[in-house]
Structure formats: structure tokens, C-alpha cells
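Structural overview
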Amino acid sequence: FSLAYGLVLAARAKALDRVQFEMLEGMANHQRRALFELTQNMLLYAPACRQDEFTTAIGYLIRRLDENTGPDNFLRHAFRIDVGSGTWQKLERQFVEAFGMMESVSHQPRHIQNRNQRAGSSSTPRVDVIHGARPSLRDGARRSARFGDFHNEPDTDWSLVQNGEWAMSIVDAWRPRFGERAAEVPLVIAGEEVSVGRDRRDSLDPSRPGTVVARYLQATNADIDRAVGAAREDASGWRKLSASKRQEILHRVADELAAARGDLLGAMLAEGGKTLAESDPEVSEAIDFCRFYSDSARHFYELPNLAGRGRGVVVVVSPWNFPLAIPCGGVAAALAAGNTVILKPASDTVLIAYRLAECFWKAGVPRTALQFAPCAGNSVAQYLVSHDAVDAVILTGGTSTAATMLAHKPTMNLFAETGGKNATIVTGLADRDQAIKNVLHSAFSHSGQKCSATSLLILESEVYRDPQFRQQFCDAVESLTVGSTWDLPTKIGPLIRPPSGVLESALKELEPGEEWAVMPRLRVDGNPQLVSPGVKWGVRPGSVTHWTEFFGPMLAVMEARNLDDAIDLVNATGYGLTSGLESLDDREQERWQERIRAGNLYINRPTTGAIVLRQPFGGMGKSAVGPGIKAGGPNYVAPLMQFREQPPPNKQPAPPTAWRFSSDAPSRPELLISLRQSLQKYVTSASTSQVAAYELERILHAIDSYQHWATEEFHASHDHFRLLGEDNFRRYRPVEQLRICIHESDTLFDVFARAAAARAAGCRATVTSPPELAGTAKDAVRLLDDLTDNWGAAIEFITETDEQLARAIVSHQTDRVRYAAANRVPLEIRRAAADALQYIADTPPLAHGRVELLWYFQEQSLSVVYHRYGNLGQRANEQRDEPQ
């Protein structure tokens, strides 16, 4: 129809000699011959390649096959079409309808984002792509009611000319700001700026060694005492504000960040050595944090039958590799939860953190509610985080840093995202071109200085021994542009400081069996901080390269016999932050999900670039210290709050018959219903005091609530965005081995609530009591034992001393311990947990399942790209599904 229409138009205009028709050889030959009879001006073209390139050509042929077999493509029907037939009429109707729409189709570009317009972020148009930084919603999709109108802030579309000009303006504005024009960064203590009388340090530009871009002061112990005292006093009344008022202010912070995007990018370019392409998503994430955490906190504050408040004083210790987004997330979450905050920025990126704090202050956050205290890490910073008046510490840093902090103060409430030795597995059933592209981005973006970066590439033998794959991968690595981040084409910028320690050794030395597939170049362009990517081939299991986090542009390649062997190599590191799989086989994907131990799982996509709510971020094993609740997820603010029940508790409306559990836990509701029935009989038959009767009724209410929330939240997988071509599931994994620790002060409710919550979660629980236990707690344990005989192996009762429990924690015989109050945890147990980096859940048990069940799970994110080059395959009809 299209060719015929073009032919008619050309003939009417007497322009056939000036119009050339093009067709593809081998496609629609009958139509091609008919057209050639009517016009001799035809170009017939065909794909051609050498025999050794035929595997590459297959991709082209597959795309043609996909296009030509589409349901609306004429060629799909060309071999059996007759004029006037039903198929003919359908195609004719489509052509006529399309012709009629020509005048209404806009010729304006769809991508109109313009960063030169300094408007609020809410006016920024979205960038719609199938798989990019921040793809749009599926048509017709909407957020679940809980998250309202939350949308991720779009990143900058660098393909647009106006945004390229904006990037150049940032470079031009910030390049001269050094030396005498370097920024001066004060302390902000107790609401006042301190700009004199302290040690002054230089902050340097990684792209220009020795170039001072900022000077900042360092706080003393006396400054810390003053800051903590002011935070405790809270003269501004931040903690007394309503959740909705704090939400309003933090939304204004998001607008300030959006308006300051260019300035923030300039600071990260000058002081952090980050390319604009790497730092731009940080601003978007920071904006998301401010909006989302304030919304989440308000949700928890408004839960029925609960009263919430902040913990008190929170210290945020931020890293240099994400100098804007990560400190912003910690500060925003703590403020939203109702705390006052002291920000201790990384010493290499103080200027960036100060510009961030300025956005909070401009939006209305008092300078006594958010204080700014750069300080020396081994002395004053340790004094700060160990301060008796500090109620919680948020850390993003190395695993060793977390261990050191806990060794100084085992009672510290530490919520830490720590290191990672992240791996991507490529099987023989992977799309190898796609795998190379994804691994390249995962391993070497920001010069490998991401905690989520792929530093292990584990290849199934078929791929490992394929010389073409190795050559293609190494060629791709060597093609990356290495240079100063002031040069916009740069892909690999400088390290934050010259390589040293294990990273320097890894860049210079080979272990037995290893060889350089790509040898790194040191001191590129004479800059000691500029290192080109290195790839080690033949890394052996158990080697330093296998187990050590290097935090630089170094990728280790290992061979695995099969997928299970590869998974064993990944899990052997003990870390569990991010992990990737490249495979097109559903069975391999399912097997990998079952066995891999990591907090963020990625299938057929890069392992970096987590986005708020879409892929909440955080790890397992040595990659996390704390309750395992993810940054950028709806629960992140909860550990920064304290809850108490508002009596009397009201029962959840859902009856037991309405509880729907996932197929992997069919027995959980039956067991809880059995316990409820047994308790109900006990309540009606036993002669109990009024206090005991109230306790029993509260337990029954708790069981109902646990079942309700286990079904609605914790045993469900949540995809809040339903993106076209990509699944993003937020889900929970029960703590496998849980110790429920009984104390002589525990009540009947304390004992039963924790056991019921563990059962609702699906934990393998051990109730442990001290040998000398007596009184109400002993009676409660005996009653629980009597009523849970039918639970079988699901719950175990033992007696052990504190010394025995401490040994069990250190030897990792348990994954988490649950006490009923913080003051019931012996110091010996605190020290053992600190040594093992194990979390002690010690908040008073609640009858509300939405909060109580948090302590029995670890969160996990799963992101799966299921389209192939835009082809949705069998899932094409799902594009209008509603979000879960």
C-alpha cells in the first residue's frame, strides 16, 4: 500500500524519473517484480559479510525476521493474500487510518528536556526509553496507593544539544575555581558557622593533581560535644514537628537540589573526579530520597494503633564515591523519621557535602537540626560516633570501618552498607554481545569505584574458552576513553587518590595462574591517580584476587564448570551486595535466584545504578551491618524510629479464611491458626488474672496482625513501576536461623509475640533460655512449648548460658538474635555480635505486624531485563498490566 501510494504520487507529479524506490533482496519478490515493471528506477540491496563474520550477521537477520513477521507487517501475510480478502481489508483499513492521522501527528521532538531552564524539577519532562537510566511507566500503569504520585526524577538526556551546551557551561564555570578562587568551607556547629581557629585542610582535584579546589576546617572534640549537645537539646523543635510538616520541608529540599543540579555537578567534577554522566544520576537520586523518605516516614507515623517518634541524635558518616546521593539519603531519612542529624562527610569530598547541606538549610531545615562537622577519621570521628548521647549511626564505608566502630562501642546502633566483591556470571546460554556491554559498564563506570561494581567476571567454560569472546571483550575494554573528567568524552576518570595497598598490588602483580588479558596503564597522562582498566584472566579460587575488594578499575575473570560451580565461587567471598547473571534460559535464572546470596540481583543488565523504590539498595553477609533494610526502600526510615502501641489494640479486619500465602510457605497460616486456636482455648479455660487475660488477648491480636501483614507485604513480591521490558521486584527473605532470647523480665506477650512473628516470617527459630530462668518468663516458655508441639522442627527450645550464646553468635550458628528490650542484652552478647557483625533486634515486641515483622526478614531486590533489543516476546501482551 505504501509503495503503491508513492508510485501514484510520483506519476501524478510526473516525477518518476526523480524518485527511486528501494527494496530488500529476498523480501516480497512478487511485489518487487511488479514494481519494477512500473518504474525502472529501483535499488535492490542485500546484506553481505565474510564467512567468518556470519555469526554477527545472524543478529541482523533475526531483527529482519522479527520485523517482517510482526502482526501488522504486510510481509507476514504476503504469501497468502488475495485482493478483497479479510486480511487485505484489514491491512487496507490500517493504511487508510494511518493516512488520515498524518496531519495530526506532531513533528516536534518528544525529548524536550532543557537543563538551561532553571525551573523546579517538577516541570522537568520525563525521558521515555525502553531500557535506559530511568524508563517510563507502562501505558496505563499507576503506582500502588501507598506511594501516591511518587515518580523518580529523570536524569539528564545528554543526547540533546541544549543539554550538551549546559554541560559545557558547567565545565567553563568550575574549571577556574582553584587556588585563590578555591571555596572556603566552614563548620556548622550548634547553628553557627565556625570559619577560624581550627585546622584547615586542602581538598584537591583528582583530575589535576595538587590543584586545591576547596579548603575546609576540621572539628575538634570540643566541637563534637557542642554539636551533640545542641542536637540533643533540639532548640528548633524539629523533632516536635508533625510528620506532614517535615514532609513539606523535605519536598522543598528536593526542589532546591533540582535547582542546584548544575552547581552540584560542578562540585562533583572538581572535587570528586566524577564525570558528568556519573554524577548526574546522583542528583536525581538525592531528589528522590528527599521526597520518598519523607513520604515513607509519614506513612509509618500514621499507622493505626501505633505512636512513633525519632530515636534522637543520628550521625551520618558518608563516603567519597557517592558524595552527594548517599549523604543526602542518610540525612533525609533521619530527618524525616524525626531525628536531629550531624553530618560527617568524607574528607575527600567536603565541599560537595557542604553544598548538599546548604540545600537543606535553604529549604527550611534548621542549622541546629542538621549540623556539619568534618573531622579526622581515626580520632575525632571515632569520638563522634561513639558519643554516649548519639542514638544511631548511619555509615556507608568499608566492612573494616564498621568493625572498628563496633569494637569501640559494641552498644552502637549502627546501620551500615559496607563492602562488596560483586560478581557477574555469564553462562553458555547468554547473549554474549549484551553481556560484554553490561559487564563493561558494571566494572569500569566511575573507574570501578562503586561498592556495587562488578569486580569478578565468572564465565562458564564454554564462554571462558571461546577466543572470540575474549578478544571481543578485551577490545571493548581497551576502547574506553581514559582521561581527565574535565574532558567530556572521558569514560574512565581518575581515582580519588593514587592507588595504594591491595589495589596497588593488584594493578602491579599477578598471582599463580593469572595473566593479563588487558594490562592496566599507571600514571596515564602523568597523573598518578589516572589508571586505565585492567583485566586478569585465570584467577584461581581462594586467591587474593578472588576474595578481595579492590575498589578500582580491576576486573578478575574466573572459569566455572557450570552455573552451580559459578554460584559457589560467588558465595565463597562472604560478601553479598550485588550480583549479576547473563543468561537467556529461564531455568538458569530460577536456579541462580534460589542459590545466590546477595541483596541486589540483576539479570541481563548492569549491576550498578539502583534507583529509589525501583531497586532499593543494600546487601547481605559482610556487605551489610544492621537489620538488612534497604536504602531507597519503603522501610528504611523504620529503624530510625521508635514505636509504642496505642491501647487498646484493634484487630485486623481480615478473617483467617482471607489470608493468602505464597506457594513456598503453604504451612505457615495453618501453624499460626493452630496456635491461635490453642491460645483461645487456654484463655477460655484457664483461671487467669486480669493482667494475664489482657496479655493473652494482645497475643491473639498480634497473631492476626502478623498473618495479615505477612500476606500483604512480606510474602509478596512488589513491582511498583511495571516498566515495559524490565521487572523490578522488591521482596523479603526470612532470617534463616533466629535465636529468640528469653530474659527473666520478659512477659507472656514478649515470649509469644516473637515466636509467632518468627513463624509468620518462616524463620527456623530457637527459643533460648538461661539455666536460672524463673517466674513469669519461665511459665511463658513452658506454655509456648506446650502449645507448639505440632510445630515440629519449626521451633526448638534450648537452655544456654550467655557464654554459650556468645560462642554461637561468633561461630555463625545463628543469623540474628531477638531480645525483647535493649536493656536485657548482656554486654558479652553485644561484643560477640559486634565481632560477628551480626544484628541484634532489641526493640520491644509490637502487636502490629507491619513493624514487628521487619526484624525477621532481610530485603532483596531483583531486576530482570526481559526484552531482547526491544522485542518483548511472549510478554508483549502484558504491557498494560496494572502494578502490584
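Our subject is the structure listed above.
Figured I'd write up the structure that's included with this text.

Cut-offs used in this document
Residues numbered from 1 in each chain as written. Predicted model: local features only at pLDDT ≥ 70, side-chain atom pairs only at ≥ 80, totals over all residues. Heavy atoms only, no water. Helix = DSSP H or I, 4+ residues; strand = E, 2+ residues; numbered from the N terminus. Contact = heavy atoms within 4.5 Å. Patch = residues over 30% accessible without salt bridge, like charges linked within 9 Å, V, L, I, M, F, W, Y side chains within 5 Å. Areas by Shrake-Rupley, 256 points an atom, 1.4 Å probe, with all protein chains shown as cover. Salt bridge = Lys/Arg side-chain N within 4 Å of Asp/Glu carboxyl O. Lys, Arg positive; Asp, Glu negative; His and termini not counted. Charge placed at Lys NZ, Arg CZ, Asp CG, Glu CD. Buried < 20%, exposed > 50% of the residue type's maximum accessible area, 1.4 Å probe, protein only. Pairing = 2+ DSSP bridges. Axes fitted to C-alpha atoms, helices over the stretch in contact; angles between N-to-C directions. Parallel < 35°, antiparallel > 145°, perpendicular 65-115°, else oblique. Left-handed = near helix turned anticlockwise from the far one by under 90°. Nonpolar A, V, L, I, M, F, W, Y, C, P; charged D, E, K, R; others polar.

**Some words on the environment of H441**
Mapped onto the elements, H441 comes out in helix 15 (residues 432-444). C-alpha separation for the pair H441 and V315, spaced 126 residues apart in sequence, amounts to 33 Å. The contact partners of H441, leaving out residues within four places of it in the chain, are E278, K491, P606 and T608.

**Thoughts on a negative patch on the surface**
Negative charge collects at one region of the surface, where E744, E772, D802 and E828 lie side by side. With respect to the helices and strands, E772 occurs in the loop between strand 25 (764-769) and helix 25 (775-787).

**Let's talk about the pattern of salt bridges**
Charged atoms that come close allow side chains of opposite charge to pair. Inspection of every chain in the model, using the stated rule, returns 49 salt bridges. R730 serves as the salt-bridge partner of E713, at 2.9 Å between the closest nitrogen and oxygen. With E713 in helix 23 (residues 690-714) and R730 in strand 23 (residues 726-734), this residue pair connects regions lying 17 residues apart in the sequence. Assessed through its relative accessible area of 6%, E713 is described here as buried. Salt bridges sharing partners connect three or more residues here, namely D564, D568, R591, E594 and R595.

**Some details on the sheet that holds strand 25**
Neighbouring strands of a sheet are bound in pairs by backbone hydrogen bonds; such pairs are parallel or else antiparallel. An order of 26-25-24-27-28 is seen for the five strands of this open sheet, with the pairing classed as parallel. Every interior strand has two partners, whereas the edge strands, strand 26 (795-799) and strand 28 (840-841), have only one. Note: strand 25 against strand 26, five bridges, orientation parallel. In the sheet register, S769 faces strand 26, and the bridge partner there is T799. Across the sheet, helix 24 (residues 748-761) touches strand 24 (737-741), strand 25, strand 26 and strand 27 (816-818), and the angle it forms with strand 24 is around 170 degrees.

**Some details on the packing of helix 15 against helix 17 (residues 467-478)**
Between helix 15 and helix 17, the least distance of the axes is 10 Å, while the angle of their chain directions is 40 degrees. In this view, helix 15 runs oblique relative to helix 17, as classed from their interaxial angle. In this structure, helix 15 meets helix 17 at a crossing whose hand is right-handed. Between helix 15, through R432, D433, I436, V439, L440 and F444, and helix 17, the contact on the second element is made entirely by F469, Q472, F473, A476 and V477. For the contact of helix 15 with helix 17, the residue count by class is eight nonpolar, one polar and two charged.

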